[in-house]
Amino acid sequence: MMNKTVSLLPLATFYLCAATWASAAPAVDEIVDKANKAAYYAGNDGKANVTMTITDSQGRTRNREFVILRHDSRDGGEQQFYVFFKKPSDVRKTVFLVHKYTDKDDNRWMYLPDLDLVKRIAASDKRTSFMGSHFFYEDVSGRGINEDKHELLKEEDTFYVLKNTPKDPVSVEFSSYLVWVDKKTFLPMKAEYADKADKPYRIVEALEVEDVQGHPTVTKSRVQDFTSGGETVAEFANITYDLGLDESIFTERYLRKPPREVHR
Amino acid sequence: MKLGFARAVGLALAAAGLATGVARAELQTWKDGLYDAYAIDLGGFVEARNGWRLQNDPHEKDASIAEMRLQLEAGRDIGRGSLKLKGDLLGDFVTDDYTALLREGNFLFSPLAAMDMKLGRQVLTWGTGDLLFINDLFPKDWKSFFIGRDDEYLKAPSDAVKASYFHELANVDLVFVPFFNPSDHINGERLSYWNPVLGETAGQNYRMDEEERSSFGHDSEFALRLAKNYGGTEVALYHYTGFWKTPEGLNPAAMELIYPRLSVYGASGRGQLWGGIANIETGFYDSRQDQDGDDPMLRNSEWRFLAGFERELARDFTGSMQYYVEWMQDYEAYKESVTAGSPARDEFRHLFTLRLTKLLMNQNLIVSFFAYYSPSDQDCYLRPKVRYRIDDQWTIEAGGNFFYGSDDFTFFGQFEDNTNAYASLRWSF
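Note that the structure is a prediction, hence the values are computed from the model and not measured. (Residues numbered from 1 in each chain as written. Chains lettered and ligands numbered in written order. Predicted model: local features only at pLDDT ≥ 70, side-chain atom pairs only at ≥ 80, totals over all residues.)

A. Structural detail: the overall build of chain B. The helix and strand tally for chain B stands at four helices and 23 strands. Rg of the C-alpha trace for chain B: 23 Å, near the compact-globule value of 22 Å for 429 residues, within the 12% margin. In terms of overall dimensions, chain B has a C-alpha envelope of 70 × 55 × 50 Å along the principal axes. Counting across all 429 residues of chain B, residues that qualify as buried make up 36%. Here the analysis covers contacts within chain B between residues at least 6 apart in sequence; of these, 58% occur between residues at least 24 apart. (Helix = DSSP H or I, 4+ residues; strand = E, 2+ residues; numbered from the N terminus. Rg over C-alpha atoms; globule rule 2.2 N^0.38 Å. Buried ≥ 20, exposed ≤ 12 C-beta atoms within 10 Å, placed from the backbone. Contact = placed C-beta atoms within 7 Å.)

B. Focus on the overall build of chain A. If you tally the helices and strands in chain A, you get three helices and 13 strands. When burial is assessed residue by residue, chain A has 47% of its 264 residues classed as buried. Sequence separation of 24 or more characterises 52% of the internal contacts of chain A that already satisfy a separation of 6 or more.

C. Highlighting the sheet that holds strand β13 (residues 249-251) of chain B. All names here are of chain B. In space, the three strands of this open sheet follow the order β10-β14-β13, with mixed pairing throughout. A strand with exactly one partner marks an edge of an open sheet, and here the two such strands are β10 (209-210) and β13. Pairing between β10 and strand β14 (residues 256-258): two bridges, direction parallel. Counted as the bridge partner of Glu 210 is Leu 257 from β14. (Pairing = 2+ DSSP bridges.)

D. Broad picture of the confidence of the model for chain A. Residues and elements named next belong to chain A. Within chain A, residue pLDDT values average 85, and 89% of them lie at 70 or more. Within chain A, the lowest mean pLDDT, 78, falls on helix α2 (residues 137-141), and the highest, 95, falls on strand β13 (residues 230-241). pLDDT under 50 marks residues 1-26. Its contacts with residues more than four places away, or in other chains, come to 99 contacts. (pLDDT = per-residue confidence, 0-100.)

E. Examining the interface of chain A and chain B more closely. Each side of the interface is counted separately: chain A has 23 residues, and chain B has 31 residues. Breaking the side of chain A that touches chain B down by element, the ones donating at least two residues are β2 (61-72) and β6 (117-121) of chain A. Grouping the amino acids of the side of chain A that touches chain B by side-chain chemistry returns four nonpolar, eight polar and 11 charged. (Nonpolar A, V, L, I, M, F, W, Y, C, P; charged D, E, K, R; others polar.)

F. Main features of the pairing of strand β11 (residues 200-212) of chain A. Residue and element names in this part refer to chain A. Bridge count for strand β10 (residues 188-194) against β11 is five bridges, and the pairing is antiparallel. Paired with Glu 192 across the two strands is Ile 203, which belongs to β11. Between β10 and β11, which pair antiparallel one after the other, the connecting turn spans five residues, and Asp 198 there sits at a positive phi close to 60°. The pairing of β11 with strand β12 (residues 215-225) spans 10 bridges and is classified as antiparallel. By the bridge assignment, Asp 211 is partnered in β12 with Pro 216.

G. Molecular detail of unusual backbone geometry. In this structure, Pro 88 of chain A follows Lys 87 of chain A across a cis peptide bond, with omega equal to 5°. Its place among the elements puts Pro 88 of chain A in the loop between β3 (79-87) and β4 (95-100). Even without being glycine, Asp 96 of chain B reaches a positive phi, approximately 55°. Inspection of the secondary structure puts Asp 96 of chain B in the loop between β3 (81-92) and β4 (97-112).

H. Quick peek at the nonpolar core. The biggest cluster of nonpolar side chains holds 59 residues, and the ones touching the most others in it are Ile 68, Tyr 82, Val 83, Val 95, Leu 97 and Val 181 of chain A. Top contributing element to this core by residue count: helix α1 (residues 26-40) of chain A, with six residues. In this structure Tyr 82 of chain A touches Leu 69, Val 95, Leu 97, Ile 249 and Phe 250 of chain A, once residues within four positions along its chain are discounted. In terms of nonpolar packing, the next biggest core, distinct from the first, is built from 24 residues, Ile 65, Ile 147, Leu 191 and Leu 351 of chain B among them. (Core = buried A, V, L, I, M, F, W, Y, C linked by C-beta atoms within 7 Å.)

I. Spatial organisation of the pairing of β4 of chain A. Residue and element names in this part refer to chain A. For β4, a buried count of six out of six residues is recorded, marking the element as mostly surrounded by other parts of the structure. Across the two faces of β4 the burial is the same, with Val 95, Leu 97 and His 99 and Phe 96, Val 98 and Lys 100 all buried. By the bridge criterion, six bridges tie β3 to β4 in an arrangement that is antiparallel. Residue pairing across strands places Gln 79 opposite Lys 100, the latter belonging to β4. Strand direction decides the pairing type here: β4 and strand β5 (residues 107-112), joined by five bridges, are antiparallel. Within the sheet, the bridge partner assigned to Val 95 lies in β5 and is Tyr 111. Hairpin connection between β4 and β5: a loop of six residues separates the two successive antiparallel strands.

J. Just the confidence of the model for chain B, in detail. Residues with a pLDDT of 70 or more make up 95% of chain B, whose mean pLDDT is 92. Among the prediction metrics, the complex's ipTM stands at 0.92, with pTM recorded as 0.90.

K. Representation of the environment of Val 50 of chain A in the model. Locating Val 50 of chain A in the fold gives a position in strand β1 (residues 45-55). Distance in space between the C-alpha atoms of Val 50 of chain A and Lys 220 of chain A is 9.5 Å, their sequence separation being 170 residues.

Right under this line is the structure:
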């Protein structure tokens with residue numbers, strides 16, 4: 001998988017377009033496909049409790065806590081996400097729902113329980129902060145596979161190193177990024193973003209990987225932002241795959257009535 | 001405002017201060033313990049909020065808002081359902097009242113696999129408008145909205161039964177309100193308004209009596225929604241039978257404001273368009289006690305329509321616009337019935353809204369602006385707001401409610417003397 005960086009969320013999605021890359025070598029193709037499935041399509045569904053610690057350049061920290069549920073309509077295809085916020089307290093019980101498509105814009109909803117309001121969110125710039133953290137929405141939900149050109153830069157002992165260059169450089173703040181894909185698990189372990197002056201300024205990396213129900217899974221990851229001097233560490237607990245989540249959970253009904261699965 | 005601003009803030013800080021530092025950690029431990037032992041999920045906040053009129057209002061106090069508030073929310077799963085209680089303790093130094101208000105007290109459960117029921121006091125919302133409501137005929141608290149309370153308080157709770165049935169063809173929501181729940185409208189208590197009886201702006205000097213609608217069946221409300229999501233395009237049909245939510249009628253014999261009977265038939269659609277979200281909604285308001293429109297004491301029937309569009313304009317910067325219109329039916333009959341000398345309403349009330357929201361400093365600073373502008377009424381209402389999250393507990397907010405109008409009797413123009421600015425400090429837990 002190349003368009004996406006490191007698996008921010010073991011459950012996070014990733015755009016897989018049916019199209020293949022005529023320009024890419026078959027080897028790259030295969031790495032992309034395997035990495036995509038390893039990072040984003042483990043099991044048919046999944047759940048994790050996520051804790052984020054956001055640290056600014058002056059060392060002040062803020063915490064975020066949420067439960068994320070994921071359902072795959074089709075392996076490598078459409079996915080749904082249900083994110084139930086627990087902390088900080090001013091967003092407690094707020095729900096973020098995403099219907100992710102591979103051939104059109106995602107649908108996103110936000111449910112504000114105090115107002116009983118189901119708000120529709122415009123899904124445009126995905127490289128904006130997710131909940132004030134250093135992770136972007138795109139780190140959570142994936143970058144379109146056709147948005148970058150990919151090449152196998154080199155092979156190290158344990159990693160394939162891929163270079164990814166955006167096809168539309170104006171739409172993003174980076175000029176390119178490198179991804180290190182683990183040769184054994186095919187998990188993307190590190191992504192390094194270079195700015196317009198080709199200087200690395202942002203690193204997303206997996207800090208810990210564990211085996212969960214036979215799926216190698218990132219349980220701790222970190223984003224470092226050298227421009228602002230801050231970083232965010234995300235930790236994943238209670239990871240479960242194949243819970244048998246019903247697709248109906250990812251509808252308006254369950255915005256108003258959170259499913260049992262999001263409780264502690 | 002006997003207790004005053006200084007004391008209000010002092011109380012807020014003292015209360016919140018107690019909970020900071022070591023106490024904060026203890027509170028978290030205690031909350032976790034409460035959950036572990038009794039499965040009770042607790043949260044809430046303490047807030048001080050103060051605001052002032054920016055001009056003199058001959059009928060009202062200078063303080064538009066001065067209050068201390070503690071909100072507590074507790075939830076617990078019981079059997080296959082969940083119980084929720086949410087209430088506020090409010091010290092209101094404008095009205096010199098101390099009150100306990102229950103915002104939510106309800107039980108949510110699924111009697112059938114494809115059915116949910118919510119019984120009790122609850123906040124209800126549907127429809128597609130942004131601070132404009134056509135098919136959402138659930139009660140609003142306009143006082144809270146105009147004096148600068150948190151947005152949460154615009155929605156007043158309903159004492160209702162909500163039944164929802166989920167089916168492939170459509171989802172059906174039925175809300176039954178046994179005893180009419182009116183909106184908390186502007187009646188002079190703390191905001192001055194145009195009083196058509198006096199033919200002038202009034203406030204505390206002239207509070208009118210209101211009809212009470214409290215007989216079961218006779219004064220019950222029903223609201224129905226059929227909704228379906230076609231791959232991201234959400235469409236809905238609505239019906240409401242009940243009453244105008246604000247007193248749109250007058251009983252001249254008793255000099256009493258009344259809530260005339262109302263039925264509404266509506267529809268809405270919402271989906272993605274041009275990289276943003278577009279919404280459209282309409283509703284026919286059938287004013288059942290004045291279907292010919294010739295009773296000058298009751299509001300005529302009308303069509304309402306709105307269309308809106310929202311999109312991200314730049315990173316962390318979102319903009320949206322709406323157009324809204326109220327089209328009075330039987331306008332000729334209305335014109336003929338208006339008392340000579342009284343200002344007559346226009347056949348069409350056009351309204352535009354604009355919302356701009358910018359997130360700064362890792363989304364901890366939120367700068368927002370909302371404006372209503374009516375070219376037909378020649379009035380507007382501006383709501384600028386700045387909010388900063390100091391940390392995960394503390395939030396400060398400042399904003400204003402600015403009313404302008406060429407006439408004293410238009411919807412927003414009548415509130416001109418209530419133009420105010422406010423600030424608040426909140427500690428959430």
